[in-house]
Amino acid sequence: MCSKGGVRGNWTSAEVFQQINSLLDRLADEDLTAVPAEAMGDDQIALQRIDNRVRAEALRRLRRFDKGQGYTDSMALSAKAWLRWKCNLDYNVASGQVEVARRLETLPQTSKALADGDISYRHASLIARTAERLGDRMEAHAEEILVNAAKELDPLRLRYAIAQLRHCLEPDQVLDDAKKAHERRFLYLSQTFDGIFRIDGQLDADGGAALQTALNAAMGPPAADDWRSAAERRADALTDIARRQLDSGRLREVGGQKPHLMITVDMATLRKEPGSRAAELEWAQPIPAETARRLACDCTITPVLRGLESHQVEAGRTSRVIPPSMRRALIARDKHCRFPGCDRPVAWTDGHHLKHWADGGPTLPFNLALLCGRHHYATHELGYRLKWGENGELVAIPP
Ligand SMILES: [Zn+2]
Ligand SMILES: [Zn+2]
């Protein structure tokens, strides 16, 4: 603990730590309600720099401890094990600190930037890991580039800079890493007992970027009245993309048919008659009548007549609820989702019957409006009522 060399001014390190602690106590005693909140910004910056400097000093001492095997008296087998034990650190954190401490010995510019408070531990550890990967190819020039980048960038952007540097210095290795990342791709779609689908997965860089781009396009910028969280908007966008793909009819045939979402529902259910059965959606558990009504608003229908015996079934002709010519007329009239304030393009809309066809509403323009997925849901499941206003605008009456 008490260093023989002594700190500047012949203080022992223990005495310095005592001073630092008493200075921190003074800060902690300050009544912050008396200080303007804006002043806290500068304090954050100052404390972050001090934090960086403290980390640099801790690593410098950790290196000495590790090299000189200062842990042997405690019976710990390594500096990493000792850190975990005595400082209550995660295995990864303890191991990372020892690795970085060792590596910084060969990275003078990184060590100095951390000790000066200019970069954080996170930055230093990214540079250390890069140096380890690059080995001999990491020269002083490369370190200088990374340290300068680290002073300006957050760790995520520093990663990009590192990726650029690695691509220059070891393109084959970078390609190998990308192949390995590709091999680690997976997607699980599983259904819970509640009938909810859970998604878990991992994509390689270009797969993830393709999905992100498609999601962004499907989400569009959030509208002012959009009450959904970002995660909810992303989930809706993924559903929209899947539906749109099915509607486009461009997917490969399955069992001799173009794939589509199939629901089986009784007319009584669509009319919401009391005591009627829940509708059945392929792959999913029974769904509520109102959801079936939404899906049935604009779909292809095959009437199936069931005789008294369950094997006596007879299928009628398949037809579009809203025929293509009618949809074209609606597109020309509506131009986008007609819900007040929404401008989702027609490609993302379904035709909605103001009075449902199951309740006798006609499939004629005055009873139809194009609605995006979110507003179609709001109209059915959330109970918004729609009617035409005096100037031909659609009016939504909240439930
Ligand atoms: Zn509808
Ligand atoms: Zn809309």
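To start, this report covers the structure provided alongside it.

The rules behind each value
- Residues numbered from 1 in each chain as written.
- Chains lettered and ligands numbered in written order.
- Predicted model: local features only at pLDDT ≥ 70, side-chain atom pairs only at ≥ 80, totals over all residues.
- Heavy atoms only, no water.
- Helix = DSSP H or I, 4+ residues; strand = E, 2+ residues; numbered from the N terminus.
- Buried < 20%, exposed > 50% of the residue type's maximum accessible area, 1.4 Å probe, protein only.
- Contact = heavy atoms within 4.5 Å.
- Areas by Shrake-Rupley, 256 points an atom, 1.4 Å probe, with all protein chains shown as cover.
- Pairing = 2+ DSSP bridges.
- Lys, Arg positive; Asp, Glu negative; His and termini not counted.
- Salt bridge = Lys/Arg side-chain N within 4 Å of Asp/Glu carboxyl O.
- Axes fitted to C-alpha atoms, helices over the stretch in contact; angles between N-to-C directions.
- Parallel < 35°, antiparallel > 145°, perpendicular 65-115°, else oblique.
- Left-handed = near helix turned anticlockwise from the far one by under 90°.
- Nonpolar A, V, L, I, M, F, W, Y, C, P; charged D, E, K, R; others polar.
- Donors = N, O, S within 2.8 Å, 3.2 Å for Na, K, Ca; no water.

1. Some details on the overall build of the protein chain
Each helix and strand counted, the protein chain has 15 helices and 12 strands in total. Put simply, the protein chain has 399 residues, and 27% of those count as buried. The contacts in the protein chain between residues at least 6 apart in sequence include a share of 48% that link residues at least 24 apart. Carbon and sulfur atoms make up 55% of the accessible area of the protein chain, which totals about 26600 Å².

2. Considerations on the pairing of strand β2 (residues 197–202)
Both strand β1 (residues 186–191) and β2 contribute to a ladder of six bridges, which runs antiparallel. Along β2, the bridge assignment pairs Leu187 with Gly201.

3. A word on the side chain of Asp204
In this fold, Asp204 is placed in the loop between β2 and α10 (205–219). No salt bridge is formed by the buried Asp204, whose closest oppositely charged neighbour, Arg185, lies at an N-O distance of 6.0 Å. If sequence neighbours within four positions are ignored, Asp204 has contacts with Ala181 and His182.

4. Remarks on the packing of helix α13 (residues 289–297) against helix α15 (residues 373–380)
Where α13 contacts α15, the axes come no closer than 9 Å and their chain directions differ by 135°. Compared by their axis directions, α13 and α15 come out oblique. Judged by the twist between their axes, the crossing of α13 over α15 is right-handed. Each of Glu290, Arg293, Arg294 and Cys297 in α13 lies in contact with α15, whose residues at this interface are His376, Tyr377 and His380. The residue makeup of the contact of α13 with α15, split by class, is two nonpolar, two polar and three charged.

5. Considering the coordination of the zinc ion (ligand 2)
Distances from the zinc ion (ligand 2) to its protein donors, namely Cys337 (SG), Cys342 (SG), Cys372 (SG) and His375 (ND1), fall within the range 2.1 to 2.4 Å. Taken in sequence order, the residues that donate to the zinc ion (ligand 2) follow the motif C-x4-C-x29-C-x2-H. When its relative accessible area of 10% is taken as the criterion, Cys342 is described as buried.

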